[in-house]
Amino acid sequence: MVQLSAGICARLNAASPEDQDLLDGPHTVQFLSIKKVNAGNASIDRFRIIVSDGINFIQAMLATQLNVMVTEATIGKNTVAVLEKLTCNYVQEKKLFIILALRVLETTTDKIGDPKPFESQDSNATVTPAPPQITPAPAAASSSSSKPQQQSTTTSRGGRGSIFPIEGLSPYQNNWTIKARVTQKSEIKTWSNARGEGKLFNVTLMDDTGEIRGTGFNLAVDELYPKLEEGKVYYISKARVNLAKKKFSNVNNEYELSLERYTEVEECLETTNLPVIKYNFVSLGGLVDQPKDTTCDVIAIVKEVSPVTEILSKAQNRNITKRELTLVDQSGFSVRMTLWGKQAEQYNVDDENPVIAVKGVKVGDFGGRSLSMVSSSLMAINPDLDECFALRGWYDSAGVGHSFQAQSNMGGGGTSGTGSGFRRDEMRSLAEVKESQLGQQDKAEFFSTRATIMHIKSDNICYPACPTVGCNKKVIDLNGTWRCEKCNKSFEAPEYRYIMSIAVADYSSQAWLQGFNDVGLAVFGMPAGELVQIRDTNDAKFNAILHKANCTTFNFSCRAKQDEYNGNTRTRYGISSIKPLDYKEEAQRLRDLLHSEWGR
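Keep in mind that what you see is a predicted model, and the values were worked out from it rather than measured. (Residues numbered from 1 in each chain as written. Predicted model: local features only at pLDDT ≥ 70, side-chain atom pairs only at ≥ 80, totals over all residues. Heavy atoms only, no water.)

Undergrad: Sorry if this is basic, but what is going on with the packing of aromatic side chains here?
TA: Aromatic ring pairs are described here by two measures, namely the spacing of the ring centres and the angle between the planes. For the structure shown, the criterion picks out eight aromatic pairs. Both rings, one in Y279 and one in F281, keep their centres 4.8 Å apart while their planes meet at 15°; by these two values the pair is stacked. Of the residues examined, Y279 reaches a relative accessible area of 21% and is grouped as partly exposed. Here F281 falls in the partly exposed class, since its relative accessible area comes to 22%. Sitting over the ring of Y225, K185 keeps its end group 3.8 Å from the ring centre. Across from the ring centre of W512, 5.2 Å away, lies the NZ or CZ of K457, which sits over that ring. (Phe/Tyr/Trp six-rings, centres within 6.5 Å; stacked < 30°, edge-to-face > 60°. Buried < 20%, exposed > 50% of the residue type's maximum accessible area, 1.4 Å probe, protein only. Lys NZ or Arg CZ within 6 Å of the ring centre and 35° of its normal.)

Written as structure tokens, this is what we have:
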């Protein structure tokens, strides 16, 4: 049987937030129960854990980034685990422990020992009950033992009071101080309308428990904007906690801070126990599973960098600068990431292929899968991370000559979405697609199918595109030179790109599918420019290539959506990805099917 860290609950019960060595563990404990404690309309689940050392038990909250351990049943009742990092604060005059990191040892059905609760440290003390809480974290997570009055002074730092975790903030606390790093600071924005004029700025603050957005208006801008710098750590207090306006923020927090003129900001000059930026990286190959308009963290090699260009924003009626980076990683995929405004103008890296880590980048479905920096996104060049060193080593040894599959594989067609990856277990026949009326609602729908090419339209099979990396717009022939209106440049020759319309069939039905450059490359096995040259010089060879492409079978991931053409409404099927059959993989799939419950 695993030996628990006897007495650790008593030590934690007497601990203060300054006892960092104790809070950093490791401590072997057992979880007697795990309970969801959400209240009101909170969208983020919170879990309270009863922690036992076999002698006593205390209550703690699980940091939200560890919620997946509960939802995936990695931890549960009577799980034995090692607590590797905790934080301790006081909320509503009660002690609050938050588990920041843990490691599971085993799951058992038996309770170890006969743990008892702690009695009040002062039986004569009168404990004033806390007011009802709407927010789940502070009240539900508090320990059963109250904080004696004399401990209040021992937990203060230079008269600032107890340091609160960002995760524990709510509109129902008043006297709090957070110790947070500024991960993003916006430019000062101004507005003018019928009600007057004003200005504002916002910052993103983070600590070991989470992050929160802060916004200052008018006088607060003059007072606080010069004090706050990106990357530095500050003690911040006397700001109002409000419900977050999700329309203006991508920060993962139900609340946000309203920075006032009297908000206190003091730079933290300590060199230890500082909050560090935490990432939850998604591979570029995994972006197909990320819903559109959500944010995620990525780390990748910058393979290509486009020059800065300008586009006209119809919404703002002004020109906006942009730059596109082509990112690659070990998953074998590449994706375009767009930088905007000053982000685009200030990107200037001497390394030819640096590693970048981006926190809070927005996922889009423009041309398959794409990424876009937003105001709260944070980019680090060649960060001091293990993932960075591993990625650098892989690229220098093997990745530099690798051929990558584009996530943004549909040119400007935008034919992908949340289901753009091929899903064999959800594969449908073409008849099922039509009978289900996929794409005939207001939104796009996605499906996977296996079909054989029956015919390829040969007219308008490709178009002359701008050679600028990431542009792909059609260029115009002006007396021997090719003009791109988007890039405002002329070129001696265009780069031809495929625009495909193919008829496919399976055992049940047939359909027309639309695709772009990656589809043509997969079908013909040559660049569009090479096929154009053959078409212009050898018509018989061109027809032979088209004929050879017929009767080949592919796995397709498609997007179904209605559009209107010449007054008629129709459903179009756009190809998100196309893969030739891997017969070894298909045979293994059939073998596994025979050994499944279905085969028995």
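The structure having been displayed, the exposition proceeds.
Undergrad: Before we go on, may I ask you to explain helix 10 (residues 517-524) in this structure?
TA: Owing to its 3.6 residues per turn, the α-helix brings residues three or four apart onto one side. Within the span of helix 10, buried status applies to N517, V519, G520, V523 and F524. Mapping the buried residues of helix 10 onto a view down its axis gives an arc of 160°, with all of them on the same face. (Helix = DSSP H or I, 4+ residues; strand = E, 2+ residues; numbered from the N terminus. Arc of directions from axis to C-beta.)

Undergrad: Teacher, can you tell me more about the nonpolar core here?
TA: Soluble globular proteins tend to bury their nonpolar side chains together. Ranked by size, the top nonpolar core spans 34 residues in total, and within it I456, M500, I502, V523, F524 and F556 carry the most contacts. Setting aside residues no more than four positions away along its own chain, I456 makes contact with I461, M500, S501, I502, V523, F524, L546, A549 and N550. Within the second largest apolar cluster, 25 residues are counted, among which are L23, A60, V70 and L102. (Core = buried A, V, L, I, M, F, W, Y, C linked by side-chain atoms within 4.5 Å. Contact = heavy atoms within 4.5 Å.)

Undergrad: Please explain unusual backbone geometry as it appears in this structure.
TA: The phi torsion of most residues other than glycine is negative, and most of the peptide bonds are trans. The backbone of N78 shows a phi angle near 70°, a positive value even though the residue is not glycine. Within the secondary structure layout, N78 lies in the loop between helix 3 (67-71) and strand 4 (79-91). Residue class for N78 comes out buried when judged on its relative accessible area of 7%. With phi around 65°, N472 is a residue other than glycine that occupies positive phi space. Note on placement: N472 falls in the loop between strand 24 (462-465) and strand 25 (476-478). Classification of N472 as buried rests on a relative accessible area of 12%.

Undergrad: I keep staring at the packing of helix 11 (residues 528-537) against helix 12 (residues 539-549) and nothing clicks. Help me out?
TA: The geometry of a pair of packed helices is captured by two quantities: the angle between their axes and the separation between those axes. Packing of helix 11 against helix 12 brings their axes to within 6 Å, and their N-to-C directions diverge by 130°. Between helix 11 and helix 12, the angle falls in the class oblique. Together, L531, I534, R535 and T537 of helix 11 and D539, K541, F542 and I545 of helix 12 make up the contact between the two elements. A per-class count over the contact of helix 11 with helix 12 returns four nonpolar, one polar and three charged. (Axes fitted to C-alpha atoms, helices over the stretch in contact; angles between N-to-C directions. Parallel < 35°, antiparallel > 145°, perpendicular 65-115°, else oblique. Nonpolar A, V, L, I, M, F, W, Y, C, P; charged D, E, K, R; others polar.)

Undergrad: Can you help me understand the sheet that holds strand 25 in this one?
TA: The strands making up a sheet associate through hydrogen bonds between their backbones, and the pairing can be parallel or antiparallel. With antiparallel pairing, the three strands of this open sheet are ordered in space as 25-26-27. Each of the sheet's edge strands pairs with one partner strand only, and the pair in question is strand 25 and strand 27 (489-491). In this sheet, neighbouring strand axes are inclined to one another by 35° on average, regardless of whether the strands run parallel or antiparallel. Sheet analysis places strand 25 next to strand 26 (residues 481-484), joined by three bridges and oriented antiparallel. For I476, the partnering residue across the bridge sits in strand 26 and is R483. (Pairing = 2+ DSSP bridges.)

Undergrad: How should I be thinking about the pairing of strand 19 (residues 355-364) in this particular structure?
TA: Burial within strand 19 is extensive, with nine of its ten residues counted as buried. Two strands pair when backbone bridges link them, and strand 15 (residues 295-305) and strand 19 are joined in this way by six bridges, in the antiparallel orientation. When the sheet's bridge partners are listed, T295 is paired in strand 19 with K362. Relative to strand 21 (residues 378-381), strand 19 runs antiparallel, the two sharing four bridges. Considered in strand 21, the bridge of K359 is made with L378.

Undergrad: Can you help me understand helix 13 (residues 583-594) in this one?
TA: Given a rise of 1.5 Å per residue, twelve residues ought to cover 16 Å, and the 17 Å separating the end C-alpha atoms of helix 13 matches this to within 8%. In this structure D582 caps helix 13, since a side-chain oxygen of it lies 3.2 Å from the backbone nitrogen of K584. (Expected span 1.5 Å × (residues − 1). Polar contact = N/O pair within 3.5 Å; in protein donor to acceptor, adjacent residues only side chain to side chain.)

Undergrad: Help me out: how do you make sense of the pattern of salt bridges in this one?
TA: Opposite charge on two side chains makes pairing possible when the charged atoms of those side chains draw close. Scanning the model with the defined rule gives 20 salt bridges in all. Ionic pairing is found between E324 and K322, a salt bridge with its closest N-O pair at 3.4 Å. Judged on exposure class, the residue E324 and its partner K322 are both buried. Between R535 and D536 there is a salt bridge whose closest N-O contact spans 3.4 Å. By relative accessible area, which is 56% here, D536 ends up exposed. (Salt bridge = Lys/Arg side-chain N within 4 Å of Asp/Glu carboxyl O.)

These figures capture arrangement, not role.
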